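The residues making up each chain are set out below.
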Amino acid sequence: MSAQVLTVTSGKGGVGKTTVTANLATALAMLGKRVTAIDADIGLRNLDVVMGLENRIVYDLVDIVEGRCRLRQAMIKDKRQPELYLIPAAQTRDKTAVSPSDMVLLCDQLRQEMDYIVIDSPAGIERGFRNAVAPADKVLIVTNPEVSAVRDADRIIGLIEAEEKGPGQLIVNRVKPQMVSRGDMLSVDDVLDILAVELLGVIPEDERILVASNQGLPLVMHGLNGSSAGEAFRHVARRLDGESVPFMDLSVKPTFMSRLRAFMNGQN
Amino acid sequence: MSWLNRLLGKNETSGQIAKQRLQMVLTHDRADLPPGLLEQIKDDIIEVIARHTAVDTVNVAVHLEQNARENRLIAEVPLLAARRGTRG
């Protein structure tokens, strides 16, 4: 069986692409899948620290492409999982060190040995983005319920359709249910109305994401209970693997005032 | 009454404002037609039609509409002659 290549992208920076990549790659590995995560953000290497593998880097993506090492030598094994590997980005080069066809070639070499290849795309819509999307079988678009992030997601959806990689699937990250319930944040339904794309996951805002990246231990590895974001990532992984998992109920219990408000607005 | 409206949530929430603003900006993004250009188009339409008949320039409205990723430019141009009813 040949691996499926998943590219995680967003257009806008800071919406959580690297966190999503680290957690999905790890969660897929925890399901017993053979997974390689690739950091395509050349010059701004980050997936290694979020996954806690920064101390073991010898070779990187550009070393493979330029023939200084074999593919296997640049794959760092995450010892906490049975079959999870990271190919780190080069830190001292730029996006032009790799071409879209290099990425296609690299992924084709990996396909036979893996079940999933998860690529962390850099922000933006230039060369780095095109590198990351070129080998994709499926594009995962990460956005936040915020006007600038949704606008950029719309642009990305248009671009991946133009590259015939569409339509892509959406992950809405950093949702704050309290703010949604009082009307001060776009709801997931609002975002879906606007972007008209398939929903893959909803990740609630969770302070433990920061704790997890402090420790270099993706949140999905932090035990099985207590973390709603970790749980949401595990659900996304299972959906990617073909299972039908219902979306988590993130709604806040209605208060008397919120019910009255809804009644007065005729939403009841 | 504004305190009562606020209490009852009658005012638009910032989430609703965000959604409307996004829908507007994305309509223009997708059509690659900035809002300022629409104003120019409006002036041009007025000019062309005004060559033939009197236009109620204040009430001319030009906007983009979107249905399932298809864009449509809608122009409403009220004519002064029609408003007066029968002439002569």
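Look a little higher up for the structure.
These remarks concern the structure in this document. (Residues numbered from 1 in each chain as written. Chains lettered and ligands numbered in written order. Predicted model: local features only at pLDDT ≥ 70, side-chain atom pairs only at ≥ 80, totals over all residues. Heavy atoms only, no water.)

### Section: the overall build of chain A
Okay, so step 1: Along chain A, the regular secondary structure elements total 11 helices and eight strands.
Okay, so step 2: The C-alpha atoms of chain A give a radius of gyration of 19 Å, which matches the 18 Å a tight globule of 268 residues would have.
Okay, so step 3: C-alpha extents for chain A along the principal axes are approximately 70 × 40 × 35 Å.
Okay, so step 4: By the burial criterion, 52% of the 268 residues in chain A qualify as buried.
Okay, so step 5: In chain A, once contacts between residues fewer than 6 apart in sequence are set aside, the share between residues at least 24 apart is 74%. (Helix = DSSP H or I, 4+ residues; strand = E, 2+ residues; numbered from the N terminus. Rg over C-alpha atoms; globule rule 2.2 N^0.38 Å. Buried < 20%, exposed > 50% of the residue type's maximum accessible area, 1.4 Å probe, protein only. Contact = heavy atoms within 4.5 Å.)

### Here we look at the sheet that holds strand S4 (residues 84-87) of chain A
To summarise the sheet geometry, strands pair through backbone hydrogen bonds and adopt either a parallel or an antiparallel arrangement.
Residue and element names in this part refer to chain A.
Okay, so step 1: The strand order across the open sheet formed by eight strands is S3-S4-S2-S5-S1-S6-S7-S8, and the pairing between neighbours is mixed. Single-partner strands in this sheet number two, and they are strand S3 (76-77) and strand S8 (198-204).
Okay, so step 2: By the bridge criterion, two bridges tie S3 to S4 in an arrangement that is antiparallel. Paired with Ile76 across the bridge in S4 is Leu86.
Okay, so step 3: Packing against the sheet, helix H1 (residues 17-30) makes contact with strand S1 (4-9), strand S2 (35-39), S4, strand S5 (116-120), strand S6 (138-143) and strand S7 (169-175), and its axis sits at approximately 170° to S5.
Okay, so step 4: Taken strand by strand, helix H8 (residues 188-195) contacts S6, S7 and S8, and its axis lies near 145° from that of S7. (Pairing = 2+ DSSP bridges. Axes fitted to C-alpha atoms, helices over the stretch in contact; angles between N-to-C directions.)

### Some remarks on the interface of chain A and chain B
Interfaces are often sized by the amount of accessible area the parts lose when they come together.
Okay, so step 1: Facing 20 residues of chain A, the contacting portion of chain B comprises 17 residues.
Okay, so step 2: In total, about 1700 Å² of surface goes out of reach between chain A and chain B, with carbon and sulfur atoms giving 55% of it.
Okay, so step 3: Our enumeration of links across chain A and chain B arrives at four salt bridges.
Okay, so step 4: Residue Asp29(B) pairs with Arg151(A) through a salt bridge whose shortest N-O separation is 2.6 Å.
Okay, so step 5: Of all the elements in the fold, those that place two or more residues in the side of chain A that touches chain B are helix H6 (147-162), H8 and helix H11 (256-264) of chain A.
Okay, so step 6: Counting residues per element, the side of chain A that touches chain B draws most heavily on H6(A), which supplies six residues.
Okay, so step 7: When its residues are assigned to classes, the side of chain A that touches chain B shows 10 nonpolar, two polar and eight charged. (Buried area = accessible area lost by both parts, 1.4 Å probe. Salt bridge = Lys/Arg side-chain N within 4 Å of Asp/Glu carboxyl O. Nonpolar A, V, L, I, M, F, W, Y, C, P; charged D, E, K, R; others polar.)

### Some points on the packing of H8(A) against helix H2 (residues 14-31) of chain B
Okay, so step 1: H2(B) packs onto H8(A) with a crossing angle of 20° between their chain directions and a minimal axis gap of 10 Å. Taken together, the axes of H8(A) and H2(B) are roughly parallel relative to one another. Regarding H8(A) and H2(B), the two cross each other, and that crossing is right-handed. On the side of H8(A), the interface is formed by Asp190(A), Asp193(A), Ile194(A) and Leu195(A), while H2(B) contributes Lys19(B), Leu22(B), Gln23(B), Leu26(B) and Arg30(B).
Okay, so step 2: Considered class by class, the residues forming the contact of H8(A) with H2(B) number four nonpolar, one polar and four charged. (Parallel < 35°, antiparallel > 145°, perpendicular 65-115°, else oblique. Left-handed = near helix turned anticlockwise from the far one by under 90°.)

### Observations regarding the packing of aromatic side chains
All names here are of chain A.
Okay, so step 1: Considering all chains together, one arrives at zero aromatic pairs over all chains under this definition.
Okay, so step 2: The ring centre of Tyr85 lies 5.9 Å from the NZ or CZ of Lys77, which sits over that ring.
Okay, so step 3: For Arg239, the ring lying beneath its charged end belongs to Phe247, and the centroid distance is 4.0 Å. (Phe/Tyr/Trp six-rings, centres within 6.5 Å; stacked < 30°, edge-to-face > 60°. Lys NZ or Arg CZ within 6 Å of the ring centre and 35° of its normal.)

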